[in-house]
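# Breakdown of the fold
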Amino acid sequence: MAIFVAKRLAMMLLTMVAASFLVFAVCEFTPGSVARKSLGPFATQEQVDFLTKKLRADDPLLVRYGRWAGVLLGIIPDPLQDPSTGLNFKDPRGAQYFGNFGYSTLNKLPVNDVIWNRLGNTAILAGLAFLLIVPLSIVFGILSGLKEGGVLDRLLSVICITFTSIPEFASGVFLVTLFVILWPVLPGTSPLDTEGGWSVPSQLVLPVAVLVIYDFGYVARMIRVSMIGVMEKPFIRTAVLKGMSTRQVVIGHALRNAMIAPFTVLLLQINFLISGVVVTELVFAYPGFGRLLLDASLFGDIATIEAATLITVAIAVTTQFVGDLGYMLLDPRIRLR
Amino acid sequence: MTMVAEPISTQGERASETPLLAVRDLRIEFRGKAETIVAVPKLSFEVKPGESFGLVGESGCGKSTTAMAIMGYLGATGVVAGGSIRFEGEELVNAPAHKLRAIRGRRIAMVYQDPMSALNPVKTIGAQLAEVPMLHLGASRVEALDMAAAMLKDVRLPDAGDMLKRYPHQLSGGQQQRVVIAMALLGRPSLLLLDEPTTGLDVTVESAVIDLIGELRRRYGTSLLFISHNLGLIAESCDRVGIMYSGELVEEAPTRELFGRPRHPYTQGLIDCIPDIRQGKHSRTLAAIPGNIPLPSERPRGCLFGPRCAGFRAGLCDRAGMTLEPVGERHVVRCVRWPELEVAHRELPPLSGESAAPAAEITFSDITKFYHLGYHKTLKANEAVSFEAGKAEIVALVGESGCGKSTLARIVTGLDRATSGEIRMAGENIAAIEASARPKPLLQSIQMVFQNPDSTLNPSHSAGFSIRRSLKKFGIRKGKAAIDQRMRELLEMVRLSPDFAARRPSQLSGGQKQRIAIARAFASDPSLIVADEPVSALDVSVQAAVVTLLLDIQKTRHATMLFISHDLALVRHVADKVVVMYLGKVMEKGTVEEIFGGATHPYTEALISAIRSTKPEGAERNRITLTGDTPSPVDVPRGCRFASRCHRKLGSICDREPPPIRRMSATHEIACHIPAEALESPRHPDEASDRS
């Protein structure tokens, strides 16, 4: 088990290095220089050249990547915080510490001051959505997989497919039209403050609804397929011919087997909900992680992009690890040999 | 049709007994969107209290469907369209769900074909067993587990307490089937349905399971409905037998009567086409039944067996409304010509056999194959396997699953490389050359016929495609016309008409597919054919035809053949030499006469003893029942591999030291600690009857 965890951690580190380097390299091809972006459009060319030199931004890619990694690991101080750059960037944690994601040129703040707050907001949104997606998709999936092609299966399948095929921006606009304009019971934007007169919980209703509507149908379809497969297995026949009722068979024999394969799919939704909810966050002006990543990408704020990448990779690897543990719990064939 | 069950119920003392199970005029249909398939047109039979009734037939004859209809479990499309199934006087057809639930598992229980898949992989054995008493007997969880433990002891599973905590995948196939049997018996049912309960199990395990079923039946007084395609098993386990063909009962009689005096041509054919363990290679040809079982949609008028019957008379056999006619005490047959056909007992011509001592075609010396599975774990698939096959000889590799016979085939054909050792063919060592590295002439000279024809033919190519490709690749013929000509000859060789070339595998029956596979294998004019269980996936009536064909072609082509099989009766019929393997090692090798003659290795002895014969006198043999299961090839016994299961084990020496090789004759070797003289003493009671 210890070896297993160690292997997983090593894999996670390797993935992080690869992903961060890839992102770093891709950012090379975006127009505009770091110095120009940091100083703004009204700085003179001399100022830009001076900063470029100061930051050694003309060094080869690998050298600069190494420098960024050094800052992150706390080996070298962040060059942007050097007072001689004249940028006046200051991190209260100091210029050199482990986990220093650097300075966000977009927000003119240390990345660590921005990103965790946004991640927290998205976690609330994603967590609430996930809490609804799991039971809904399981119930829908199991019920429709119980009898393939039956009336219930067809009805639930139509609901699932329809919901999944409506894009988030469309359902967002639709819901806003219904509950904000025609029947104004909910706020149309969710800035997570009470200045607009709406409570924070009420601001969460519509974004969560959009995510659930978009996502649960997909997961339910996965569970349905798995359930159909399980219901055709001979051990289900054994259970039925033992004299068990349909309910006993489903709860006692089918459910756990049917959840083995979709378990991974369910966990993958966490990744989607953390980094893939840009559209929903944009529609509702939600101050979340996805929007931060989008803004940073558009601006070329490399420090923020890198930080977001590392966090996303960490979440993905962690969910995968949880998935493996879950497999072991669900399926004794993996646990015991 | 009205007189169907008359002869049974008017006879003897059983007339007063009400049947436990009475199936009357049962009609089962599968209603799809496009068509309705009549799986069982009209079926009637009875099972009396305490009786064991065998239902025999080949695949697709409707025997399993009938069992499922009794359980009320025909799936979404299956319907009982007519007739009745009465169990202890109660009607089961269209019975309400709650009534069925009260009967299932409590009064009628079932043992399934594939025990691994019949058990829930994520629940412990204990949990799955305890469900039955909790559901039907109102037992608490603790009581139910106690009952389960007691039942596991009854089915001879060691260490019941530990067994309850295990999961199905941690058990061997034989143990799983014992669990399934225990599960069925926990509700103390009065009727037990056995649907091919030992198909897929090794012969020695099968033998033990059958003995167990017989013993439990005597103890609990349970009636059995035993469904099988294996005539030998039925002959030994049942009181009465019904022979099914294409959804109909064609003959029904007490077991001894049925196998002693079979009246229906189909029954006779079935009995004749299974090789007899007591008869050697050159005794007789296997009598194949020509043709195939008709599809339910293509049933002929009148006698369903008519198109395949030698005694068919137009105008007589193709009249509708054939009935089961009484031919003797409790013996009925559905054949209008039975009085005339009765005498037509077939005298089968002996196979002309010339056996010379030919030059060696292929020589195996010390072939060893280890698979390394991580630290200090080695799967020993083959260890020091040595034997040779002469030109045009058939050498049978015999052994149960995990004995390494298929690994050996993989090494010969180059699908795998030997860890050490040599395989010499035409002077060259081919043991370490994989197929991709083999020169064309070598590839051409070794061809394989695989076990399952369904999965070895590409479903998207026509049957002729693979034959043509083989011809083209190896340059046997040049030019399209010549290739097509040769392909037609090959099809003719396997007795298929040329228009089969255009058909897809889905349009072919199992036997036809295997013929195509044989034609493909022989297309490149190989000198060595590796046949890995070539007929074990086929129906018995088709098996005989394919084996006969394979032997014919092998003989005319003078090809050497490695015949891999678990079926000793077939091996005795087919092979010149036999190599018996157990857990990767050769236990015994010799000529067929030597292996099936007096002195044998205890394992061979057990294998031979495990074979069930339909001949009544076969039942009186002393059966050797092996205990336990084959050890894992990862953790092989230190001394003799077979020591842990051997019934003639001498003592600790067998566990400590690898056995010496006893040379019984120039060609006969036995690896055993028992001295040659002691092995010599005759152990087969049935050898006495072999004189006939």
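All of these numbers come straight from a predicted model, not from anything done at the bench.

Looking now at the overall build of chain B. Counting secondary structure elements, chain B contains 25 helices and 24 strands. Relative to the compact-globule value of 26 Å for 692 residues, chain B shows a C-alpha radius of gyration of 26 Å, a close match. Taking all 692 residues of chain B together, the buried fraction comes to 57%. Surface exposure of chain B reaches about 27,700 Å², of which carbon and sulfur atoms provide 52%. Looking at charge distribution, chain B has the averaged site of its 86 positive side-chain charges lying 5 Å from that of its 79 negative ones.

Looking now at the pattern of salt bridges. The full count for this structure, using the stated rule, is 42 salt bridges over all chains. In this structure, Asp113 of chain A and Arg93 of chain A form a salt bridge, with 2.7 Å as the shortest nitrogen-oxygen distance. Here Arg93 of chain A lies in the loop between helix H4 (61-73) and strand S1 (103-104) and Asp113 of chain A lies in helix H5 (residues 111-146), a separation of 20 residues in the sequence. Owing to a relative accessible area of 38%, Arg93 of chain A belongs among the partly exposed residues under this scheme. Here Lys391 of chain B and Glu361 of chain B are joined by a salt bridge, their closest N and O atoms 3.8 Å apart.

Bringing the packing of helix H18 (residues 480-493) of chain B against helix H19 (residues 510-523) of chain B into the picture now. The description of two packed helices rests on the angle between their axes and on the distance between the axes. Residue and element names in this part refer to chain B. For the pair H18 and H19, interaxial distance at closest approach is 9 Å and the crossing angle is 130°. Between H18 and H19, the crossing angle belongs to the class labelled oblique. As H18 packs across H19, the resulting crossing turns out to be right-handed. Between H18 and H19, the residues in contact are Leu490, Leu491 and Met493 and Ile516, Ala519, Phe522 and Ala523, respectively. Broken down by class, the residue content of the contact of H18 with H19 amounts to 7 nonpolar, no polar and no charged.

Okay, the environment of Gly127 of chain A next. Summarising the element assignment, Gly127 of chain A is placed in helix H5. For the pair formed by Gly127 of chain A and Arg56 of chain A, sequence separation is 71 residues and the distance between their alpha carbons is 42 Å.

Our next topic: the interface of chain B and chain A. Listed by partner, the interface residues are 24 residues for chain B and 23 residues for chain A. The junction of chain B with chain A conceals about 2,300 Å² of combined surface from both sides, 62% of it contributed by carbon and sulfur atoms. Contact with chain A buries surface across chain B, with Tyr73, Tyr112 and Val122 of chain B losing the most and accounting together for 24% of the total. Here Glu131 of chain B and Lys242 of chain A are joined by a salt bridge, their closest N and O atoms 2.5 Å apart. One can count 11 residue pairs in polar contact (both at pLDDT 80 or more) joining chain B with chain A.

Conventions and cut-offs
Residues numbered from 1 in each chain as written. Chains lettered and ligands numbered in written order. Predicted model: local features only at pLDDT ≥ 70, side-chain atom pairs only at ≥ 80, totals over all residues. Heavy atoms only, no water. Helix = DSSP H or I, 4+ residues; strand = E, 2+ residues; numbered from the N terminus. Rg over C-alpha atoms; globule rule 2.2 N^0.38 Å. Buried < 20%, exposed > 50% of the residue type's maximum accessible area, 1.4 Å probe, protein only. Areas by Shrake-Rupley, 256 points an atom, 1.4 Å probe, with all protein chains shown as cover. Lys, Arg positive; Asp, Glu negative; His and termini not counted. Charge placed at Lys NZ, Arg CZ, Asp CG, Glu CD. Salt bridge = Lys/Arg side-chain N within 4 Å of Asp/Glu carboxyl O. Axes fitted to C-alpha atoms, helices over the stretch in contact; angles between N-to-C directions. Parallel < 35°, antiparallel > 145°, perpendicular 65-115°, else oblique. Left-handed = near helix turned anticlockwise from the far one by under 90°. Contact = heavy atoms within 4.5 Å. Nonpolar A, V, L, I, M, F, W, Y, C, P; charged D, E, K, R; others polar. Buried area = accessible area lost by both parts, 1.4 Å probe. Polar contact = N/O pair within 3.5 Å; in protein donor to acceptor, adjacent residues only side chain to side chain.

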